[in-house]
Amino acid sequence: MDFNSFDISAEAPIEEPARQYYFIARCRRHVTDFFEKNHRYPTACVTTFGCQMNARDSEKLAGILRQAGYVLTEDENSDFVIFNTCTVRDNADQRVYGRLGELNGYKRRNPKMKIALCGCMMQEPDVIEKLKKSYSFVDLIFGTHNIYKFAELLCTSLETQGTIIDIWKDTDRIVEDLPVERKYPFKSGINIMFGCDNFCSYCIVPYVRGRERSREPKDILREIERLVDDGVAEVMLLGQNVNSYGKNLEVPVTFAQLLREVERIEGLRRIRFMTSHPKDLSDELIQVMKESKKICRHLHLPLQSGSTRILQRMNRRYTAEQYLELVRRIRREIPDIAITTDIIVGFPGETPEDLEQTIDMVRKVKFDNAFTFIYSRRTGTPAAAMEDQIPEAQVKEGFDRLLRVVQETAREQAAKHRGKIMEALIEEVNESTPGYVTGRLSNNMIVHIPGNERLIGKLLPVSLDECRGFYYIGHAVSGPKEN
Ligand code: SAH
Ligand code: SF4
Ligand code: F3S
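Now for a quick tour of the structure. (Residues numbered from 1 in each chain as written. Chains lettered and ligands numbered in written order. Predicted model: local features only at pLDDT ≥ 70, side-chain atom pairs only at ≥ 80, totals over all residues. Heavy atoms only, no water.)

1. As for the overall build of the chain
In terms of regular secondary structure, the chain is built from 13 helices and 19 strands. Here the chain has a C-alpha radius of gyration of 23 Å; the compact-globule value for 483 residues is 23 Å, and the two agree. Dimensions of the chain, computed from C-alpha atoms along their principal axes, come out at roughly 65 × 60 × 50 Å. Here the chain holds 483 residues, and 56% of them are scored as buried. In the chain, the share of contacts with a sequence separation of at least 24, taken over all contacts with a separation of at least 6, comes to 72%. Surface summary for the chain: the accessible area is close to 22,200 Å², and the carbon and sulfur share equals 49%. Seen as two clouds, the 69 positive and the 71 negative side-chain charges of the chain have centres 2 Å apart. (Helix = DSSP H or I, 4+ residues; strand = E, 2+ residues; numbered from the N terminus. Rg over C-alpha atoms; globule rule 2.2 N^0.38 Å. Buried < 20%, exposed > 50% of the residue type's maximum accessible area, 1.4 Å probe, protein only. Contact = heavy atoms within 4.5 Å. Areas by Shrake-Rupley, 256 points an atom, 1.4 Å probe, with all protein chains shown as cover. Lys, Arg positive; Asp, Glu negative; His and termini not counted. Charge placed at Lys NZ, Arg CZ, Asp CG, Glu CD.)

Structure follows, in structure tokens:
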């Protein structure tokens, strides 16, 4: 795209993404002005909180900043800083407020600095009120539904004084073909759907991300083909509940059908996806995974609780028995699969017996890893209005007990692979052990092997020599296969 050829004195086009290209071109003029005044290009920093979907959104923000002419940096003491926020638990919010205080310090020394906030937290009216009252040094605030307008908002912010706030309640739009700046050259996330319609009773996501919308298969496939042409070996298909992908498309498609299509893309080596909701995981999907040569042997399948009574109150729409039966079916068909999960402790009304059932479930399933969270009360969700909230101090002991069992089973699961040879995608140089690089196995486990940065992005067979708790020390057993 040649942004210099745009006529930025003309009116902005109405259609997307042409409109955003126009505003990128207009931002470039401001960047040139900056360069002429300061003899350097302005710097920009994108800081991400929260999940993989936010990380992918941040790559789009960074793509626009890069195209506008900014120099991207990880230093928040820069000319433009944007926080892409998360609000899934209260501690995510608190971290943002804390870091904003630091930004204010930088801005006092660099008054021309622009501070922007976007993402899930901005979709909460209470947050906006608080920001207006106590964080008036923030220049630009927008939400999740209008993130595709970032170039336009950035441009407006550069051309005006005072805070710009633009929050939409919902959207049914998906804008394709905006610039992206990928964090890794060899792997990439791909949104296959946005929003969530599940309304688990504790969860804020459906309120801040809006209704579920799937991208057209052809747009997804085209994006992956381009990424593969650009050197990507592994893709992660992203959605809050990928198992319900495609239900609302004009021509409905199942997630399993989409995976079959992705599998056919030549040159693509590995496929991952996140997250699967147990209630929608079909036999068709298990079959596709079983037959696939590219889909990784890893399934993230959030359990949340091992008590059917609590699962009902969480509106998860499966019982503990159904979950266990599902896991058994998956393991029967795909014996080498790793299953990981999310668990919440301290949901309103959870008794010690409920927690026992969760711990029992961890022992039965033998999760390869589990993320454990203390329940966080989110304003506006049904669970927040439940009467029997449990004080956090009371939850701590049970949480620690669960964590110990989770770590025990994860260690046992990891140890099973000692001596095996598996394929690893080398992702980075190991910062703590000189002369080593870090790779990821199909089952999502980490292995450190001797090597240097030339191996990054390569898929190699490695021998898993020594299990150190949750990860391995190994070595490459032959030279890299040509991709
Ligand atoms: N869509 C995914 C999860 C997205 S949020 C799914 O349904 O599995 C990631 C995890 O955060 C959830 O699985 C849940 O374990 C946790 N979580 C969500 N809301 C929470 C809350 N209010 N308190 C504590 N943990 C929460
Ligand atoms: Fe939240 Fe449930 Fe949707 Fe996951 S499926 S994002 S936990 S409402
Ligand atoms: Fe957080 Fe939003 Fe993801 S609330 S977990 S960043 S969808």
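2. Structural notes on the sheet that holds strand β17 (residues 446–450)
Strand order in the closed barrel formed by five strands is β15-β16-β17-β19-β18, and the pairing between neighbours is mixed. Averaged over all pairs of adjacent strands, the angle between strand axes in this sheet comes to 50 degrees, irrespective of strand direction. Relative to strand β19 (residues 471–476), strand β18 (residues 459–468) runs antiparallel, the two sharing six bridges. Opposite Leu464, over in β19, you have Gly474 as the bridge partner. (Pairing = 2+ DSSP bridges. Axes fitted to C-alpha atoms, helices over the stretch in contact; angles between N-to-C directions.)

3. Quick look at the pattern of salt bridges
Charged atoms that come close allow side chains of opposite charge to pair. Scanning the model with the defined rule gives 40 salt bridges in all. With its nearest N and O atoms 3.1 Å apart, the salt bridge here joins Asp166 to Lys149. Taken together, the residues Asp166 in strand β6 (residues 164–166) and Lys149 in the loop between β5 (140–142) and α5 (150–159) connect sequence positions 17 residues apart. The two residues Asp166 and Lys149 agree in class, both being buried. Ionic contacts of the salt-bridge type, sharing partners, join the residues Arg56, Glu59, Glu176, Arg215 and Glu223 into one network. (Salt bridge = Lys/Arg side-chain N within 4 Å of Asp/Glu carboxyl O.)

4. Thoughts on the site of ligand 2
Cys196, Asn198, Phe199, Cys200, Tyr202, Cys203, Val205, Pro206, Gln240, His277 and Arg316 make up every residue found near ligand 2. Here the residues of the shell around ligand 2 sort into seven nonpolar, three polar and one charged. (Near = heavy atom within 4 Å. Nonpolar A, V, L, I, M, F, W, Y, C, P; charged D, E, K, R; others polar.)

5. Focus: the sheet that holds strand β7 (residues 187–191)
Strand order across the open sheet formed by three strands is β7-β10-β11, with parallel pairing between neighbours. The strands lining the two open edges of the sheet, one partner per strand, are β7 and β11 (270–274). With strand direction ignored, the average angle separating the axes of adjacent strands in the sheet is 25 degrees. Contacts from helix α2 (residues 52–68) reach β7, β10 (234–238) and β11 within the one sheet, and its direction differs from that of β7 by about 100 degrees.

6. Concerning the packing of helix α9 (residues 283–291) against helix α11 (residues 320–333)
Axis separation between α9 and α11 bottoms out at 10 Å; the angle between their running directions is 25 degrees. Put simply, α9 runs roughly parallel to α11. The hand of the α9/α11 crossing is right-handed. In this structure, α9 uses Asp283, Ile286, Gln287 and Lys290 to contact α11, whose residues at the interface are Arg329, Ile330 and Glu333. (Parallel < 35°, antiparallel > 145°, perpendicular 65-115°, else oblique. Left-handed = near helix turned anticlockwise from the far one by under 90°.)

7. Regarding empty space enclosed by the protein
Summed over all chains, the structure comprises one cavity of 30 Å³ or more. The computed volume of the largest cavity comes to approximately 30 Å³. For the largest cavity, the full set of lining residues is Met53, Phe194, Gly195, Arg209 and Gln240. (1 Å grid on protein atoms, 1.4 Å probe; cavity = no way out; pocket = protein on both sides within 12 Å on 5 of 7 lines; lining within 4 Å. Points joined across faces, edges and corners; volume = space filled by probe spheres on them.)

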